[in-house]
Amino acid sequence: MGAITGWQIFKHSFNLVMANLEQAFRLSLVLYLIQSAYTVYSFLNPPQMMDLEGTQVPIMSPETIFPTIVLGLLAVIASLWIAVAWHRFALTGESTSGWLPQFHGSAVMGYLGRSILIGVLVVLGVMVLSIPIGIISIGLPGLAGIMSLILIGAAAYLFFRLGIMLPAAALGEKLTLGETWDVTKGRSSIILVLALIVVGASVIIQLPSWFNDNPSSIINVVYSLVVNWFATIIGISVLTTLYGHFVENRPID
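Residues numbered from 1 in each chain as written. Predicted model: local features only at pLDDT ≥ 70, side-chain atom pairs only at ≥ 80, totals over all residues. Heavy atoms only, no water.

J.: Describe the overall build of the protein, with residues and values.
T.: In terms of regular secondary structure, the protein is built from 9 helices and 2 strands. Counting helices and strands in the order they occur from the N terminus, the protein gives α-α-β-β-α-α-α-α-α-α-α. Compactness check: the protein gives a C-alpha radius of gyration of 20 Å against a globular reference of 18 Å for 253 residues, within 12% of the reference. Along the longest, intermediate and shortest principal axes, the C-alpha atoms of the protein span 60 × 55 × 30 Å. Expressed as a percentage of the 253 residues in the protein, the buried residues total 40%. Long-range contacts, defined as pairs at least 24 residues apart, comprise 75% of the intrachain contacts of the protein with a sequence gap of at least 6. (Helix = DSSP H or I, 4+ residues; strand = E, 2+ residues; numbered from the N terminus. Rg over C-alpha atoms; globule rule 2.2 N^0.38 Å. Buried < 20%, exposed > 50% of the residue type's maximum accessible area, 1.4 Å probe, protein only. Contact = heavy atoms within 4.5 Å.)

Pasting the structure below:
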């Protein structure tokens, strides 16, 4: 297994999606529409602002609470379903000729559990790092922006290093937290560069919406839904590539 770079992993992941666009649409389009229903409903039913002791606080109207909860749950299930389906396609070739991939309930639940675990660990790691970062920012306020970027980069680094557990869950394989950390040992620079590339790419694709005078406009919503589909599939592909290379010793083109 030759030396690779973070850029090679990102490029391989991007090419994986581009080379299999039809299958990507078939595996995810219907589920992504279900996932997007939550975003669209929230856009059409924004929370009301209530004055609470001089502070404007967003309050959901009673009639939107139940639909929001239901659509939120459906969005979570759909996103997990997409992730499992795409991991399995990329790693085992499991595809679909229809517009809905096979549902692997145990894999989806395993994916959810590990996602929560990774999320908690990433938050804890960022909280620990934010203590010295906060002290530096207080003493050198001009560096506050850079310190924030460092925290974002650290969160992305931890996510990608631990996230190798997720493709394993999609395949029904057992990969412990310790095994995940060990298999990426000595590859910190590769994963750090990859994390910075992904964060940078995410910022770039969001720039058009940031320059819109009305960030809550329908144009921004449509744009976000489109680019988020690509970001979602490519993000899942990055984890797939990391797993395939570091765990299964697959070559990187």
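J.: If you had to explain the nonpolar core to someone new, which residues and values would you point to?
T.: Ranked by size, the top nonpolar core spans 60 residues in total, and within it Trp86, Tyr111, Phe160, Leu242 and Phe246 carry the most contacts. Elements with a minimum of two residues in this core: helix H1 (6-19), helix H2 (21-44), helix H3 (62-92), helix H4 (105-139), helix H5 (144-162), helix H6 (165-170), helix H8 (188-210) and helix H9 (218-246). Broken down by element, this core gets its largest block of residues, 11 residues, from H9. In this structure Phe246 touches Ile4, Ile9, Ile164, Val183, Thr184, Arg187 and Ile191, once residues within four positions along its chain are discounted. (Core = buried A, V, L, I, M, F, W, Y, C linked by side-chain atoms within 4.5 Å.)

J.: Any details on unusual backbone geometry? Residues and values, ideally.
T.: Phi angles above zero are rare outside glycine, and Asn249 is one such case at about 60°. Examined against the element boundaries, Asn249 turns out to sit in the segment after H9.

J.: Could you give me a rundown of the side chain of Thr64, with the residues and numbers involved?
T.: In this fold, Thr64 is placed in helix H3. Apart from residues lying up to four places away in sequence, Thr64 is in contact with Tyr41 and Asn45.

J.: Give me the pattern of salt bridges: which residues, what numbers.
T.: Under the criterion given, the structure shown has 4 salt bridges. Taking the shortest distance from any N to any O, the salt bridge between Arg88 and Glu94 comes out at 3.2 Å. Since its relative accessible area comes to 15%, Arg88 is described here as buried. (Salt bridge = Lys/Arg side-chain N within 4 Å of Asp/Glu carboxyl O.)

J.: Summarise H8; cite the residues concerned and give the values.
T.: With 23 residues, H8 should reach 33 Å at 1.5 Å per residue; the first-to-last C-alpha distance of 32 Å fits that figure. Taken residue by residue, H8 has Ile190, Ile191, Leu194, Ala195, Val198, Gln206 and Ser209 as its buried positions. Packed against the buried residues of H8 are H1, H5 and H9. (Expected span 1.5 Å × (residues − 1).)

J.: Tell me about the environment of Ala154, residues and numbers included.
T.: Within the fold, Ala154 resides in helix H5. Exposure remark for Ala154: the relative accessible area of 18% places this residue in the buried category. A C-alpha to C-alpha distance of 36 Å links Ala154 and Phe66, two positions 88 residues apart in sequence.

J.: Run through the packing of H1 against H8, naming residues and quoting values.
T.: With their axes 7 Å apart at the nearest point, H1 and H8 run at an angle of 50° to one another. Viewed along their axes, H1 and H8 adopt a mutual orientation that is oblique. Contacts between H1 and H8 involve Gly6, Trp7, Ile9 and Phe10 from the first element and Ile190, Val193, Leu194, Ile197, Val198 and Ala201 from the second. Class assignment of the residues belonging to the contact of H1 with H8 gives a composition of 9 nonpolar, 1 polar and no charged. (Axes fitted to C-alpha atoms, helices over the stretch in contact; angles between N-to-C directions. Parallel < 35°, antiparallel > 145°, perpendicular 65-115°, else oblique. Nonpolar A, V, L, I, M, F, W, Y, C, P; charged D, E, K, R; others polar.)

J.: I'd love a proper account of the packing of aromatic side chains, names of residues and values included.
T.: The full count for this structure, using the stated rule, is 6 aromatic pairs. Judged by centre distance (4.7 Å) and plane angle (10°), the rings of Phe25 and Trp229 are stacked. Within this pair, whereas Phe25 is found in helix H2, its partner Trp229 is found in helix H9, the two being separated by 204 residues in sequence. Between Trp81 and Phe103, the ring centres sit 4.8 Å apart and the planes meet at 70°, which makes this aromatic pair edge-to-face. Placement of Trp81 in helix H3 and of Phe103 in the loop between H3 and H4 is noted, with a sequence separation of 22 residues between them. (Phe/Tyr/Trp six-rings, centres within 6.5 Å; stacked < 30°, edge-to-face > 60°.)

Take it as geometry only, folks, not as evidence of what the structure does.
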